[in-house]
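# A look at the structure
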Amino acid sequence: MTVEEFRKTMDETEYIPAGSALHQAFHTFSQEALKITAELNSAYHAPEEVRALMSRLTASEIDESFGLFPPFHTDCGKNTKIGKRVFINAGCQFQDQGGIEIGDDVLVGPQTIIATLNHDPDPDKRGGMIPKPVKIGNKVWLGARVTICPGVTIGEGAIVGAGAVVTKDVPPRTVVAGVPARIIKEL
């Protein structure tokens, strides 16, 4: 399965049965992601080298304005889109099979987790997965140790406070915090 076929299939898929061809494609992309992130995280790399590794990881051209402080982990990489002037701080983990879209001018705090898959709640089908994309609007600021759950959209200009667990959409130009995250104020 090509990267383009994978992305298109994931955009159109609501359920991935355990052991299916799509599930197997996850494993293929995961092995490549493990190799690239091991290289990224194993030694110092100049900013242009970091961008080149992230371009390989995401199978897309990463803008020269992008910044990342390793370590960085992902279990796929191929379904992440990163805008311009994005900074990702150290220790972040992206589970991107379901799709992660990061807008322009986004700040991602250290140890942020973005998840895009849930397992089937039926114990007899627990290996099956339900993909739901995460979208992060332009000019969003994610504080340290934020967790974003599958299917969430963070509106433009929003701030997510440190340690928040975001389980539902965040309106534009609001500040959310807590577990689960709730609106604290409007900007």
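Anyway, here's the lowdown on the structure attached to this text. (Residues numbered from 1 in each chain as written. Predicted model: local features only at pLDDT ≥ 70, side-chain atom pairs only at ≥ 80, totals over all residues. Heavy atoms only, no water.)

### Looking at helix H1 (residues 3–12)
We count it as follows: When a residue's accessible area, from a 1.4 Å probe over protein chains only, is under 20% of the maximum for its type it is buried; when over 50% it is exposed; and in between it is partly exposed. Only DSSP runs of H or I reaching four residues or more are called helices, and only runs of E reaching two or more are called strands; each is numbered from the N terminus. For this quantity, the arc is that covered by the directions from the helix axis to the C-beta atoms.
When we look at burial in H1, the residues that qualify are Val 3, Phe 6, Arg 7 and Met 10. Taken around the axis of H1, the buried residues stretch over an arc of 95 degrees, which confines them to a single face. Of the residues in H1, the exposed ones pointing more than 90 degrees away from the buried face are Glu 4 and Glu 12.

### Focus on the sheet that holds strand S7 (residues 107–108)
Condition: Pairing between two strands requires that DSSP report at least two bridges joining them.
Taken in spatial order, the seven strands line up as S1-S4-S7-S12-S15-S17-S18 in an open sheet, and their pairing is mixed. Single-partner strands in this sheet number two, and they are strand S1 (67–68) and strand S18 (182–186). The sheet contact formed by strand S4 (residues 87–88) and S7 spans two bridges and is parallel. Each residue of the ladder has a partner; that of Ile 88, found in S7, is Val 108.

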